[in-house]
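# Coordinate inspection notes
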Amino acid sequence: MKRTKITHLLNSKEFGKSFNVKGWVRTKRGNKNVSFIALNDGSTINNIQIVAEASSFSEENLKDVTTGACISVTGKLVESPAQGQPVELQAIEIEVLGTADPQTFQLQKKGHTLEFLREIAHLRPRTNTFGAVLRIRHHMAFAVNKFFNDKGFVYLHTPIITGSDAEGAGAMFRVTTLDAANPPKNPDGSVNYKEDFFGKETNLTVSGQLEGELGAMALGEIYTFGPTFRAENSNTARHLAEFWMIEPEMAFYDIHDNMDLAEEFLKYLVQYALDNCSDDLEFLNKMYDKELIDRLKSVVNTPFERVSYTTAVEILQKSGQKFEYKVDWGTDLQSEHERYLVEKHFKKPVILTDYPEKIKAFYMKQNEDGKTVRAMDVLFPGIGEIIGGSQREENYEKLLRRVKEVGIHEQDIWWYLETRKFGTAPHSGFGLGFERLMLFVTGMGNIRDVIPFPRTPQSAEF
Ligand code: 4AD
Ligand code: MG
């Protein structure tokens with residue numbers, strides 16, 4: 001018999017009919033007359049209760065049905081007499097597909113800390129928490145594509161191996177070639193790992209933006225959505241060495257159009273989670289964060305505050321707060337400053353604009369004042385920066401001047417400069433850190449807990 005997913009069965013009204021389910025045992029309890037097995041198959045946070053009467057299943061029959069074991073159950077669907085579950089399955093046949101020795105299986109019934117679960121990343125998807133997070137992550141990825149598809153944006157696949165350093169974002173992962181059968185050798189005979197990719201210096205991408213801009217200059221509106229790499233050795237709860245970024249890039253958008261799109265996009269994603277992930281959100285709300293769902297609803301219904309960097313600096317200086325880092329015009333804001341603005345001062349998401357040119361990337365469009373650029377960072381409660389973006393400098397001479405000022409070699413970026421030579425156009429874009437979005441939507445406190453296999457300086461085993 002073909003298996004039915006538990007999520008479908010829990011909503012079924014076909015009482016009396018036989019079904020087959022397959023999944024992993026969460027718990028088994030009972031008495032001498034009957035055993036109750038809570039079974040989960042990952043299709044929903046909810047378990048189905050399997051009822052195994054002692055008249056059909058002896059203790060010996062069920063001895064391998066332990067927490068963590070994988071079983072296949074065929075049974076009759078009945079209305080459940082128990083509260084809190086609509087249906088249960090009266091077992092006719094139970095087959096153990098894979099045992100899980102109770103002495104060595106790490107995920108026993110008792111709760112585990114998130115820190116411990118990080119050490120067993122190979123098994124943590126089997127927990128309620130990670131099941132919920134990973135299903136929400138899937139829905140968010142789908143919603144990203146749906147949002148842009150519905151608006152007619154083209155999904156542009158930008159390269160992962162690249163010779164450009166778009167952001168000057170700090171350390172990169174260098175790519176080297178290695179012919180395993182015939183590796184390049186140093187004079188002393190050891191393997192030369194520094195050999196370059198096709199003789200050029202290449203690295204893993206820190207952002208798909210510059211290539212995204214090439215796409216926007218032809219297709220109008222594009223987005224990228226892929227893995228991004230930053231070899232920063234930062235052990236914070238908001239940084240990963242490998243994270244996913246969504247980067248839309250739009251011809252004919254100015255900074256205001258860019259802000260409007262960013263705000264609409266974030267609200268769409270949060271509303272999508274509320275509409276499509278309610279069981280998982282309710283679980284996380286109950287388990288970890290009693291204000292999660294209220295916070296999500298409030299973001300959807302609140303216009304974001306838009307304020308310039310200069311005004312923000314004045315607010316911070318007048319706040320009377322003791323910050324670890326002092327705020328002066330011209331310095332980058334730290335996350336303590338960003339969070340003060342969002343959580344204490346405005347009490348809503350904030351879009352900060354018009355940052356000093358010196359602390360932002362070379363490609364941002366200069367303002368008339370000669371000091372600031374058309375940058376925008378979206379700051380979120382509990383997160384800090386969730387989006388970074390800008391209107392781009394479309395003027396060839398001005399862009400070239402900035403390229404030289406920041407010490408980029410013109411010949412390394414000739415292809416980017418040419419877009420400003422041939423049919424240049426005003427354009428804008430931004431980058432949303434997918435895991436920062438996930439932190440907000442799930443209410444989890446650590447970015448390592450919203451990606452299946454976090455790459456941090458500590459963990460890259462598999
Ligand atoms: O502000 P960033 O560095 O901007 C860019 O990369 C631009 N090229 C984007 C663009 O305009 N197309 O990064 C954008 C976002 C940040 O706001 C943050 O959400 C996320 O990417 N991010 C990280 N997320 C996790 N771990 C890290 N190490 C991150 N660095 C940035
Ligand atoms: Mg940034």
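Residues numbered from 1 in each chain as written. Chains lettered and ligands numbered in written order. Predicted model: local features only at pLDDT ≥ 70, side-chain atom pairs only at ≥ 80, totals over all residues. Heavy atoms only, no water.

In the nomenclature of an unreviewed UniProt entry, the chain corresponds to Asparagine--tRNA ligase from the organism Sporocytophaga myxococcoides. Its UniProt record gives the chain the following Subunit (unreviewed entry) comment, quoted word for word: "Homodimer." Turning to the chain, the UniProt record has this under Sequence similarities (unreviewed entry): "Belongs to the class-II aminoacyl-tRNA synthetase family." (UniProt positions renumbered as here; feature names shortened; annotations may be inferred.)

Before going further, it helps to examine the sheet that holds strand 7 (residues 161-162). With respect to topology, three strands assemble into an open sheet ordered 7-9-8, the strand pairing being antiparallel. Taken across any chain shown, the strands that pair with only one partner, and hence form the sheet edges, are strand 7 and strand 8 (174-175). Relative to strand 9 (residues 202-204), strand 8 runs antiparallel, the two sharing two bridges. Bridge pairing links Val175 to Thr202 in strand 9. (Pairing = 2+ DSSP bridges. Helix = DSSP H or I, 4+ residues; strand = E, 2+ residues; numbered from the N terminus.)

Enumeration according to the criterion identifies one cavity of 30 Å³ or more in this entry. Ala121, Arg124, Pro125, Phe130, Leu134, Ile451 and Pro452 are the residues that line the largest cavity. For the lining of the largest cavity, a count of residues per class yields six nonpolar, no polar and one charged. (1 Å grid on protein atoms, 1.4 Å probe; cavity = no way out; pocket = protein on both sides within 12 Å on 5 of 7 lines; lining within 4 Å. Points joined across faces, edges and corners; volume = space filled by probe spheres on them. Nonpolar A, V, L, I, M, F, W, Y, C, P; charged D, E, K, R; others polar.)

Note: α-helices contain 3.6 residues per turn, so residues at a spacing of three or four share the same orientation. Burial analysis of helix 12 (residues 434-442) places nine of its nine residues in the buried class, which makes it a mostly covered element. Positive phi appears at Gly443, one or two residues downstream of helix 12, with a value of about 75°. (Buried < 20%, exposed > 50% of the residue type's maximum accessible area, 1.4 Å probe, protein only.)

Among the residues of helix 6 (residues 278-287), Asp280, Leu281, Phe283, Leu284 and Asn285 are the ones counted as buried. Looking at the packing, one finds that the buried side of helix 6 touches helix 3 (128-150), helix 5 (255-276), helix 7 (292-301) and helix 12. (Contact = heavy atoms within 4.5 Å.)

Per-chain confidence: the chain averages 94 in pLDDT, with 96% of residues scoring 70 or above. For this predicted complex, the interface score ipTM comes out at 0.99, alongside a pTM of 0.95. (pLDDT = per-residue confidence, 0-100.)

Next up on the list: the sheet that holds strand 1 (residues 18-30). Spatial ordering of the closed barrel is given by 1-2-3-5-4, a layout of five strands whose pairing is mixed. Neighbouring strand axes in the sheet, compared pairwise and without regard to direction, differ in orientation by 55° on average. Here strand 1 pairs with strand 4 (residues 70-79) via seven bridges, running antiparallel. Paired with Phe19 across the bridge in strand 4 is Gly75. (Axes fitted to C-alpha atoms, helices over the stretch in contact; angles between N-to-C directions.)

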